[in-house]
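Architecture and fold: a report
Spelled out, the chains give:
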Amino acid sequence: MIAVLALAPVLLWHAYRGAEEQALAQLIERFDAQQVEYRVEALAIPYDAFASKLTSAIPGGHGPDLFIFAHERLGGWAREGYVAPSDYSGPFGDALTVDGRVYGYPLAVKSVALFYNRALIQEAPPTIDELARTARAATHDGVYGLAYPVTDFYYHQAILSGFGGAVFEEPGHRPALDTPEAVRALEFVRRLALDDGVIPEEPTSVLVTSLFNQGKAAMVINGPWFIGEIRGVDYGVAPLPPPMRPFLSVEAALVSGRAREPAGAQAFARYLLSPEAAAVRAHQGGQVVATDGAPADPLLAAFRRQAQSALPMDNSPQMQAVWEPEKRALASVMGGELGPEAALAQAQRRLIATTRAAPPTRNPAPYLIVLGAGALVVAALARRRLRGRSFRGTARAYAYVSPAFASLLLLVVVPFAAGMGLSFFHHSEGHYTFVGLQNFADILASRDYRITEPMSFYFTLAITLLWTVCNVALHVGIGLALALLLKDPLLRFKSIYRVLLIVPWAVPNYITALVWKGMFHRQFGAVSALLSALGIQPISWFTHFSTAFAANVVTNTWLGFPFMMVVALGALQSIPHDLYEAASVDGASRWKQFRHITLPLLKPALLPAVILGSVWTFNMFNIIYLVSGGEPGGSTDILVSEAYRWAFQRNEQFGFAAAYSTLIFIFLLGYSALTRRVAREAEAA
Amino acid sequence: MKRGLLHAALVILCLVTIYPVLWVVGLALEPQQAQARRLWPLPQHPSLQSFHELFNWLFARQLANSILVAALTTAIGLLVSMTAAYAMSRFSFPGRKLGLTALLATQMFPATMMSVPLYAILNRLHLLNSLSGLVLVYATTSVPFCVWMLKGYFDTIPRDLEEAALLDGATPGQIFRKIVLPLARPAIAVTALFSFMTAWNEFILAATFLDDAARFTLPVALQRFVGEYKTEWGHFAAGALIVSAPVMAVFFALQRHLVGGLTAGGVKG
């Protein structure tokens, strides 16, 4: 019993689900039974939250001792000291190498390969030309020759490398997205998809799965996770024909640089690599084990062969900034907006702009002096205003407000000030340098892009304003109209209507966003089903600005009108009925009554709701990010989603993102001051 | 005739409104539906399998966490906001106007940028990976809206009653508890609902601050179904229904108050 209490806990973070998670649990149990020093505690973390959680937890000393993650972010993490070097040497060691040192222990390798339906194709094609020929030959009667998510660069890499292209140019590691090889690769896909109809339109992973299971896709490019989703198809898996080199992710057990139990973490990592554990991971977890050169299972063996020729993903932080511009380029070509050359030139420019070099370091002294002087002026002004004012009898008032303001000070104002302060710094790989107002200058001068391009501050600001105006107008319009319909006290079923119309408000907005995104899907979405029931050809919502923007607005309108409806209903109910009676007696028409009684009396109640509603809409991150995701080409991004991208998708430029946030704040502050002044003047007049 | 048109319009609008919800119900009862284009959202072969797979002791624990966090957030947020709003409405003191403006201003800084500094602060306070830390953050973030709402409502309650009570020898504390609060019930109900929803639906901060699956709240658990390579629609939809159901229930229970509480004051004020 005492021995059990003395076991040192080893905290393990992973993002596994399903079979892989069960295999891991089984291995933890075995490890705990085999030795008497350590006890492994596993925590499953949502994949999307993993990286950000890890980077906030480890420096604070709250992170795991050991974590399992793909090697892609290793470069940044190793240099920031989040990961401890290891003594591993063997297969895929080079993917885990940063600046000449090896980090972590490789568990599984993941890459895409070629799935083919044996009923449609006898043998996997041996060359890329043969692949195209086979795909064209198989395309007929509703069967597509090839299916994979064409706008996802993770998949496109296979094609790119097939034509000799690469993301970075060596030596020097410079971005090279617009090389002739890259243009040829994209032209190859464009022809297959748009000219020959070999690849289905908008091939999301759901569509790919569905087509393959129905026998309507002859070949599919997909990863080992696809195996579990195939139902009732006789299929084979083969490596993609050389020289195609899909991306390889090496999932590794990484010992934290701040582990409390580094020895225990290392012991468990080594155990995971042992032949016994590897067998469990392969058989129970379905993993393609990195250290096992020839798995018995033929499917896993095919993936293992593919891993041999696949390209380990670049583990430098610059790679993180590649996904967004590549995705935008692929989407605009597949949407028929741009040719491959123009799209890739844009992507190249965008990548260079987002991996912006650090601005020169400034001396913070002048800024501190200005800040200090400002604080003195504010203090002097406050003193002057307070002089002569009586504080007698105010103790109770301060006692009442102090809990609210104390907690706000600590948990809202301080983080907020920290955020503002951050906007004067440049962040790169864990190091902050003071750059003064340079971030603001770069944003406001729209350096690196024209004002009319989606990435410029002014373009995004214009979109944000359009977004806010459209939404608030629709919220107020629909809300008010419904309130007018529902206010009739004699209306039957009134409370049923009211309850149903309030439903969207009760649904959490991330659920709303994901559901509407699904409903706008071109093949499976309910919106498409409705359009085709009406005899209208379904459209791809996210390839044009107007439809993508409309999809966002529709979603947000659905979500937001009930609030305004309830506000308007409350306000309408409190307008005395005799006012209308008097007006009727005087012979005023319905419209005149609305113009001269309803609207003026509604205004005081609606105005605060409109101000708050527009502030919320202005910063409505979830809808933009989850519904259109900025498509096409970043044109539907609003300021908050841009700020988010700068912080988390473009080289972790926290300072630049903070500058964006500060500008948002200043803008909204100005807006609310203006509206309130206008309202006050209108009242006075 | 006119009535008929009115009802027809309302019925159509209600259908549009609940259609997405029915779609989620359909997905929860028949996950394969994610791969079929159908206008009719309800399933042909419904099964409770998704719910069945979702429900285990960990899920029940996370449900309990969510209820606890949301309830405490509501209680603390309300207590703090009620007193502050009352002072803002009834007393005159230096800093009152500035305070009100500052409350509005806190709504304008993008929330996505707050998580990193908040993490550092909670770390200092030793409140990371604890539900109480989460409650503190949620209660505080809901304060500005709550104070604005309640202050607006308090402004509309006539002062005569309070003045009369004062003459009868009641203390300010008694007046607040026995006269003002009962009169402000509708507004308090609405404000409570708001705090509850803030805490019930949030997942970005919760996922960042909590390190222990037994302490996760439901939205964090739900987020795991949206994976890197595929989304488990059946589980996600079933979870989404379980997350939304209590809020809807509260909405229905409070809907009469909702209409009055949100604005009754505004017009007269």
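Residues numbered from 1 in each chain as written. Chains lettered and ligands numbered in written order. Predicted model: local features only at pLDDT ≥ 70, side-chain atom pairs only at ≥ 80, totals over all residues.

Let us look at the overall build of chain B. If you tally the helices and strands in chain B, you get 12 helices and 0 strands. The order of helices and strands in chain B, counted from the N terminus, is α-α-α-α-α-α-α-α-α-α-α-α. Overall size of chain B, expressed as C-alpha extent along the three principal axes, is 70 × 65 × 30 Å. Looking at chain B as a whole, 49% of its 269 residues qualify as buried. Taking as baseline every contact in chain B between residues at least 6 positions apart, the subset at least 24 positions apart corresponds to 74%. (Helix = DSSP H or I, 4+ residues; strand = E, 2+ residues; numbered from the N terminus. Buried ≥ 20, exposed ≤ 12 C-beta atoms within 10 Å, placed from the backbone. Contact = placed C-beta atoms within 7 Å.)

Scanning chain A from N- to C-terminus turns up 27 helices and 16 strands. Here chain A holds 685 residues, and 48% of them are scored as buried. Restricting the contact set of chain A to residue pairs at least 6 apart, pairs at least 24 apart contribute 74%.

Now for the interface of chain A and chain B. Accessible area lost on assembly of the parts is the figure often given for the size of an interface. Each partner contributes residues to the interface: chain A has 91 residues there, and chain B has 88 residues. In terms of residue count, helix H16 (residues 395-422) of chain A provides more of the side of chain A that touches chain B than any other element does, 18 residues in total. Its residues placed into classes, the side of chain A that touches chain B shows 66 nonpolar, 19 polar and 6 charged. (Nonpolar A, V, L, I, M, F, W, Y, C, P; charged D, E, K, R; others polar.)

Before going further, it helps to examine the packing of helix H3 (residues 57-90) of chain B against helix H9 (residues 185-201) of chain B. What describes two packed helices is the angle between their axes and the distance between those same axes. All names here are of chain B. Look at H3 against H9: their axes get within 8 Å of each other, and the N-to-C directions meet at 135 degrees. The angle between H3 and H9 places the two elements in the oblique class. For the crossing formed where H3 meets H9, the hand is right-handed. In this structure, H3 uses Ser66, Val69, Ala70, Thr73, Thr74, Gly77, Leu78 and Ser81 to contact H9, whose residues at the interface are Ile188, Thr191, Ala192, Ser195, Phe196, Thr198, Ala199 and Trp200. Per-class residue counts for the contact of H3 with H9 are 8 nonpolar, 8 polar and no charged. (Axes fitted to C-alpha atoms, helices over the stretch in contact; angles between N-to-C directions. Parallel < 35°, antiparallel > 145°, perpendicular 65-115°, else oblique. Left-handed = near helix turned anticlockwise from the far one by under 90°.)

Residues and elements named next belong to chain A. In space, the 4 strands of this open sheet follow the order S8-S11-S7-S12, with mixed pairing throughout. Edge positions in the sheet fall to strand S8 (144-147) and strand S12 (235-238), since each has one partner strand and no second. Taking the axes of each pair of neighbouring strands and ignoring which way they run, one obtains an average angle of 15 degrees across the sheet. Note that S8 and strand S11 (residues 217-222) share 3 bridges and pair parallel. Bridge assignment links leucine 146 to a residue of S11, and that residue is methionine 219. (Pairing = 2+ DSSP bridges.)

Bringing the domain arrangement of chain B into the picture now. When cut into domains, chain B gives domain 1 (1-47) and domain 2 (55-226 + 236-268). Each partner contributes residues to the interface: domain 1 of chain B has 4 residues there, and domain 2 of chain B has 4 residues. (Domains from an automatic or database assignment.)

Residue and element names in this part refer to chain A. Under the domain assignment, chain A is made up of domain 1 (2-109 + 249-305), domain 2 (113-245 + 321-354) and domain 3 (457-684). Elements with a minimum of two residues in the side of domain 2 that touches domain 3: helix H8 (205-213) and helix H13 (323-334). At 4 residues, the largest contribution of residues to the side of domain 2 that touches domain 3 is made by H13. Of the residues that constitute the side of domain 2 that touches domain 3, the class distribution is 4 nonpolar, 4 polar and 5 charged.

Residues and elements named next belong to chain A. Bridge count between strand S1 (residues 8-14) and strand S2 (residues 38-44): 7 bridges; the pairing is parallel. Bridge pairing in S2 places histidine 14 opposite alanine 44. Chirality of the crossover, the property in question, places the unit of S1, helix H2 (residues 18-34) and S2 among those that are right-handed. (Right-handed = clockwise from strand over helix to strand, strands pointing away.)

With that settled, consider the nonpolar core. Residues Ala568 of chain A together with Val147 and Leu150 of chain B are the most contacted members of the largest nonpolar core, which totals 163 residues. Setting aside chain neighbours within four positions, we find leucine 150 of chain B in contact with Ser81, Met82, Ala85, Ala184, Ala187 and Thr191 of chain B. Judged by nonpolar contacts, the second largest core, of 115 residues, contains Leu12, Tyr88, Tyr155 and Leu351 of chain A. (Core = buried A, V, L, I, M, F, W, Y, C linked by C-beta atoms within 7 Å.)

Another point: unusual backbone geometry. All names here are of chain A. For the bond from proline 242 to proline 243, the omega torsion is 5 degrees, close enough to zero to count as cis. As for its position among the elements, proline 243 is in the loop between S12 and strand S13 (247-255). Even without glycine at this site, aspartate 99 takes up a positive phi of about 50 degrees. Here aspartate 99 lies in the loop between strand S4 (97-98) and strand S5 (101-102).

Before going further, it helps to spend a moment on helix H22 (residues 545-573) of chain A. Between its first and last C-alpha, H22 of chain A extends 41 Å over 29 residues, near the 42 Å set by a 1.5 Å rise per residue. Within H22 of chain A, the axis deviates most sharply at glycine 560 of chain A, by approximately 35 degrees, and proline proline 562 of chain A lies no more than four positions further along. (Expected span 1.5 Å × (residues − 1). Bend = angle between axes of the 7 residues up to and from the residue.)

A separate point is the environment of alanine 659 of chain A. Mapped onto the elements of the fold, alanine 659 of chain A is located in helix H27 (residues 654-684). Look at alanine 659 of chain A and you get buried, because 29 C-beta atoms sit within 10 Å.

All names here are of chain A. Counting buried residues along strand S6 (residues 105-110), 6 of its 6 residues qualify, which places the element largely inside the surrounding structure. In this structure, S6 lies alongside S13, joined through 5 bridges in antiparallel fashion. Within S13, the residue paired with lysine 110 across the bridge is serine 249.

Attention shifts here to the environment of alanine 213 of chain B. Looking at where alanine 213 of chain B falls in the secondary structure, it is placed in the loop between helix H10 (204-209) and helix H11 (218-223). Overall, the presence of 17 C-beta atoms within 10 Å leaves alanine 213 of chain B in the partly exposed class. When the C-alpha positions of alanine 213 of chain B and tryptophan 40 of chain B are compared, they lie 37 Å apart, and in sequence the two are 173 residues distant. Once residues within four sequence positions are removed from consideration, alanine 213 of chain B is found in contact with Leu43 and Ala44 of chain A together with Leu58 of chain B.

Moving on: the confidence of the model for chain A. Caution is warranted with low-pLDDT regions, since their predicted coordinates should not be read in detail. For chain A, mean pLDDT is 87; residues scoring 70 or higher make up 98% of the total. Within chain A, strand S7 (residues 113-117) of chain A carries the highest mean pLDDT (95), whereas helix H1 (residues 2-6) of chain A carries the lowest (54). (pLDDT = per-residue confidence, 0-100.)

For the rest of this paragraph, the subject is the confidence of the model for chain B. All names here are of chain B. In the predicted model, chain B carries a mean pLDDT of 82, and the fraction of residues at 70 or more is 92%. Mean pLDDT values for the elements of chain B range from 74 in helix H12 (residues 233-268) up to 91 in H3. A low-confidence stretch, residues 264-269 (pLDDT under 50), is modelled with 25 contacts involving residues beyond four sequence positions or located in other chains.

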